[in-house]
Each structure stands twice: as structure tokens, then as C-alpha cells.
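Spelled out, the chains give:
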Amino acid sequence: MICEKTKRALLNLFPAPEQPEIVPEEPGAEEKKDKKAVEPPRQNGLVERDYAVHGYHLDAQVAPDQLLQAVTILDEAEFFIESITGVDWIKENQLEVVYDFSRYDFDLCRVVIRTRVDRQKPEVPTITGIYAGANWHERETHEFFGIKFAGHPHLVPLLLPEDADFHPLLKDFKA
């Protein structure tokens, strides 16, 4: 199955997890733990998802410098790009770029590639050299979220005026 093959290829992007060192707890440590501690955002890695629940099979969170490798893996496995969009994680001071991929054959496998960048310097490499059809998706994401796609051949607005200096889908945008 193509999903299993793609999963194995994407797993090569991530180092094997290290075995955590087991350290005995100090007496009374249980009482000191904050029961309201929030789980930190997911680190880079690959997660299998239930298609019926999530609408995709594989979810890969990659660093911006791994993005082109991940996209190349999908291109070589004959996936096509469905969409590219952004997510504003304002509380974490990050922007996320989300890439959706699928296949034309009947071996259904949908893959999501995500990468996060600092909200103050939102820049990821363009994937237009791999998927020419990403051109308009990246332009739209740049226009509405302010994410720069380094190396993009023509990063100009599609819908907003060319002189627009705002990004309307950022959570702190005020009209």
C-alpha cells in the first residue's frame, strides 16, 4: 500500500527517539507537580491518523529545513498538491504552513505536511520547483498570512491590492 511506503520514506526525516534516562523522583515530588500543566505543541514527527475522523492518513510535522525533502518524497510517490494554507498560532507566536497532498489512483492516501515558523519572521522555502501548481497557493497564503516563500518566482497578491500592507487572516488583524 502506498500509505505504508510513504510513511516509511517520511520516517527517514526523523531521528530515532532516544531512550529517556530514568531518574528516580525525589520524595514529595508527586505533590509538587502542577496538575494543570498543558502538553507542549507537538514536535517534529509523523503521526498516523484515522481517515474517517481527520480526513487524512498521515500527518507530518517537519522543520522548515526539512520541507523540501518531505515534499520531494511525496512527489516521487506521485502525490499531487491539493492546497496550501496557513494557521496563526498567536499564543505560541508562530505561524504554521499546512500542505495537503493526495493521489489520483484508487490507493487512497492523503498526507498533510506542516511546518511552523516564528511569527516575526515567517519564511519557508517555496515548493514551486517541485510542484509548479503550488505557485498560486503560496501567493494566496503569503497574501493572507504574510508568510514569505523564499525563492518564489512571483510572490505578488492575487486578490488584495498590490500595495496592501496587511494580512487579513492574522488573528491580530483589525480592519
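None of the values given here were measured: they were computed from a predicted structure.

A. Highlighting the overall build of the protein. Helix and strand counts for the protein come out as five helices and seven strands. Starting at the N terminus and ending at the C terminus, the protein contains elements arranged as α-α-β-α-β-α-β-β-β-β-α-β. Per-residue burial over the protein gives 40% buried out of 175 residues. Accessible surface for the protein amounts to roughly 11,300 Å². Of this, 54% is attributable to carbon and sulfur atoms.

B. Geometry of the state of the cysteines. The full count for this structure, using the stated rule, is one disulfide. Put simply, C3 and C109 are joined by a disulfide, and their sulfur atoms are 2.0 Å apart. Given an S-S torsion of about 105 degrees, the disulfide between C3 and C109 has right-handed geometry. Of the two residues, C3 is situated in helix α1 (residues 2-11) and C109 in the loop between β4 (94-102) and β5 (111-118); the sequence distance between them amounts to 106 residues.

C. The arrangement of the pattern of salt bridges in detail. For the structure shown, the criterion picks out twelve salt bridges. Between E96 and R116 there is a salt bridge whose closest N-O contact spans 3.5 Å. In this pair, E96 sits in strand β4 while R116 sits in strand β5, placing the two residues 20 residues apart along the sequence. As far as the burial class goes, E96 and R116 line up, both buried. A single network of salt bridges, built from pairs that share partners, joins R49, D59, E96, R114 and R116.

D. Structural detail: the environment of W136. With respect to the secondary-structure elements, W136 resides in helix α5 (residues 134-145). When the C-alpha positions of W136 and S83 are compared, they lie 9.6 Å apart, and in sequence the two are 53 residues distant.

E. Broad picture of the nonpolar core. F79, Y99, F101, V111, I113, I127 and Y131 are the most contacted members of the largest nonpolar core, which has 36 residues in total. Examining the composition of this core, we find that five residues originate from one element, helix α4 (residues 67-76), more than from any other. Ignoring sequence-local partners within four residues, the contact set of I113 consists of L10, A60, V62, L67, A70, L74, V97, V98, Y99 and F101.

F. Up close: the pairing of strand β3 (residues 80-89). As paired elements, β3 and β4 share nine bridges and run antiparallel to each other. Residue S83 lies in a different strand from β4, and its bridge partner there is D100. Connecting the antiparallel pair β3 and β4 is a turn made up of four residues, with N93 showing a positive phi of about 55 degrees.

Procedures and definitions
Residues numbered from 1 in each chain as written. Predicted model: local features only at pLDDT ≥ 70, side-chain atom pairs only at ≥ 80, totals over all residues. Heavy atoms only, no water. Helix = DSSP H or I, 4+ residues; strand = E, 2+ residues; numbered from the N terminus. Buried < 20%, exposed > 50% of the residue type's maximum accessible area, 1.4 Å probe, protein only. Areas by Shrake-Rupley, 256 points an atom, 1.4 Å probe, with all protein chains shown as cover. Disulfide = S-S within 2.5 Å. Salt bridge = Lys/Arg side-chain N within 4 Å of Asp/Glu carboxyl O. Core = buried A, V, L, I, M, F, W, Y, C linked by side-chain atoms within 4.5 Å. Contact = heavy atoms within 4.5 Å. Pairing = 2+ DSSP bridges.

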